[in-house]
Amino acid sequence: MRLAFRNASGAAKLSINLSEAGCSSFLNPNPSFINTCPIHHHISPRNAVVSNPSRCHTLSGAETHAPPFSALMDKQFEAFRQHLEESGSLRDRFRAVATQIEATNRNINSFLLLIHQSRPMPEVLEKVNSEIDVLKRLFNQLAEIARECPGQYYRYHGNWKSETQAVVSLLAFLHWLETGTLLGHAEAEQKLGLDKSEFRIDVEDYLIGICFMANDLPRYVVNRVTAGDYDCPRKVMKFLTDLHAAFRMLNLRNDFLRKKFDGMKYDQRKVEEVYYDVKIRGLAVDGDTMVEGTEGQQ
Amino acid sequence: MLKPSRSLYKLCSVMLSSHTPNRPSEAATKRARTMTTDSSSPNPIEAAFSGYADYLNQLNDKRERVVKASRDITINSKKVIFEVHRISKHNKEKVLEKANKNLAAVVDQHISRLVKELNGTDFWKLRRAYSPGIQEYVEAATFYNFCRTGSLLTLDEMNAALLPLSDPFSKPLKINVLDYLLGLADLTGELMRLAIVRLSDGELEFAGKICRFAQEIHRHMTVLAPNMDGDTDMTFKMDTMLQSVMKIENACYTVHVRGSENIPLLGSMDPSYPMMLPDLE
């Protein structure tokens, strides 16, 4: 009794009765066949109604009756319409939150760009942190909407995917500025207040966000060196090399993440070039004698 | 600078490639892992990344198996569709019986694999990997069912049929509305082929029924198409569907108007009259 449509085949014997034109040899119900097939015990009443042979039409006759399948189809498609409308409105709500996340990202990014002008870190961080609270709130909203459709995270994932990647890249950059270490996946979730939530950050989104962050590092290094922080290239190079080595542990598919990862080596090379420039001119300081936060030192 | 990390990468890739679940790789994996930690210069990032690597490997392996199952479902569902197309006035029972068997085999052999793979995971995560196969299966099952019963096999009926494949304790695999609708959109193409061949075989009643069925599907789909989770496939399929429906309608029209003289001949079982509608095929 595995297939429902097998169940219906008993009724089928009646329903395909199009025999008014006289092709009766195959159209008559075939009782011997029904008896030999063990599957036909359950003929669903729905199909029995549908297969009313008296409803048969002829091509030449005027077609006044509704087709026999229409009641059943109407019912199913009406249910689909409701289902798709509900999912459509969920999608719109996800999109609305994602748009706000995007706007917040732009704010954070504009504050973070002050880094390139060698503004003091505490000032930048202070501005950014209030915005991170906004992000937290927005991600909680996403989680709340997602609770309405349990088990369908990935159905709607596309709606917040790229925004989440950007969030990860900003958070990771901030985290690196503060601590000099890589923001882990779990830490990123924690920063967004998602650590206890059902709603998680997809690992691939996290990894793509980290790649985005690596893209920002060459510019940072260039501007730090211009501002006189000659130890910065060495630190960034060490970090990027470690990061690149770690990324090579992953077996990637030919997808977007792979493309971003392939691009990372150019960031690495750019930083190496800056390091070389600084080193060959004897500007680089040995070891960690340089104190952090030496903005504007010449 | 790069040297140690390169050898490290090799070790890791050995470790990762042996991670397919079919291989008895537990020992090898462990050895590779301890070697990794021994030989590495302290790279704090790598510890975290080995977790991501495991996750990605498992996901990719699973995706690969799902894609394979999906391809098998596609191939065998196609065979069912071809089987149903061999239908004619005289062999209906035999053909449908065989198609039914093949369809059941698709479920037993291939969809069951898919269900096993997806058991307990988010069906939507890997949807792109299995969607083509499921669509083809929907097409085959609805096509078969229409020829058998003259009615539309509903999504609920299909999902009820798949229920026994799932582990009773976990969430059963359900064909989602989107895949069902995309499969139905393809169904009209098959209906068109069937209608043309049936018409040229003189089964005007049946062709008329196919025509109304295809029209109904198309009509219902026009309401739903814009709302399909942003699925761009659907807009394309809607155009194709309208083309198919119109082909059936035009064929029916041709028979209705021009072929009216031939209808008595076609309707009769007398083999001495040749078929008069070669241009319809």
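Residues numbered from 1 in each chain as written. Chains lettered and ligands numbered in written order. Predicted model: local features only at pLDDT ≥ 70, side-chain atom pairs only at ≥ 80, totals over all residues. Heavy atoms only, no water.

Per an unreviewed UniProt entry, chain B carries the name Translin-associated protein X and comes from Daucus carota subsp. sativus. What UniProt records for chain B under Sequence similarities (unreviewed entry) is the sentence "Belongs to the translin family." (UniProt positions renumbered as here; feature names shortened; annotations may be inferred.)

If you look chain A up in an unreviewed UniProt entry, it shows as Translin from Daucus carota subsp. sativus. Quoted straight from UniProt, the Sequence similarities (unreviewed entry) entry for chain A says "Belongs to the translin family."

A. Broad picture of the overall build of chain A. Secondary structure summary: chain A contains 13 helices and 0 strands in total. Starting at the N terminus and walking to the C terminus, you meet the elements of chain A as α-α-α-α-α-α-α-α-α-α-α-α-α. Among the 298 residues that make up chain A, the fraction classed as buried is 51%. Sequence separation of 24 or more characterises 73% of the internal contacts of chain A that already satisfy a separation of 6 or more. (Helix = DSSP H or I, 4+ residues; strand = E, 2+ residues; numbered from the N terminus. Buried < 20%, exposed > 50% of the residue type's maximum accessible area, 1.4 Å probe, protein only. Contact = heavy atoms within 4.5 Å.)

B. Focus on the domain arrangement of chain A. All names here are of chain A. You can read the domains of chain A as domain 1 (86-201) and domain 2 (212-284). The distance between the C-alpha centroids of domain 1 and domain 2 comes to 24 Å. Of the residues lining the interface, 13 residues belong to domain 1; the matching set on domain 2 comes to 13 residues. Overall, the association of domain 1 and domain 2 removes approximately 1200 Å² of surface from exposure, summing both partners, and the carbon and sulfur fraction of that is 74%. (Domains from an automatic or database assignment. Buried area = accessible area lost by both parts, 1.4 Å probe.)

C. Focus on the packing of helix H6 (residues 70-112) of chain A against helix H8 (residues 204-224) of chain B. At a minimum axis distance of 10 Å, the contact between H6(A) and H8(B) shows a crossing angle of 20°. Taken together, the axis directions place H6(A) and H8(B) in an arrangement best described as roughly parallel. Of the two possible hands of crossing, H6(A) and H8(B) adopt the one that is right-handed. From H6(A), Ser70(A), Met73(A), Asp74(A), Phe77(A), Phe80(A), Arg81(A) and Leu84(A) reach across to H8(B), where they touch Phe213(B), Glu216(B), Ile217(B), Arg219(B), His220(B), Met221(B), Val223(B) and Leu224(B). Along the lines of polarity and charge, the residues of the contact of H6(A) with H8(B) split into 9 nonpolar, 2 polar and 4 charged. (Axes fitted to C-alpha atoms, helices over the stretch in contact; angles between N-to-C directions. Parallel < 35°, antiparallel > 145°, perpendicular 65-115°, else oblique. Left-handed = near helix turned anticlockwise from the far one by under 90°. Nonpolar A, V, L, I, M, F, W, Y, C, P; charged D, E, K, R; others polar.)

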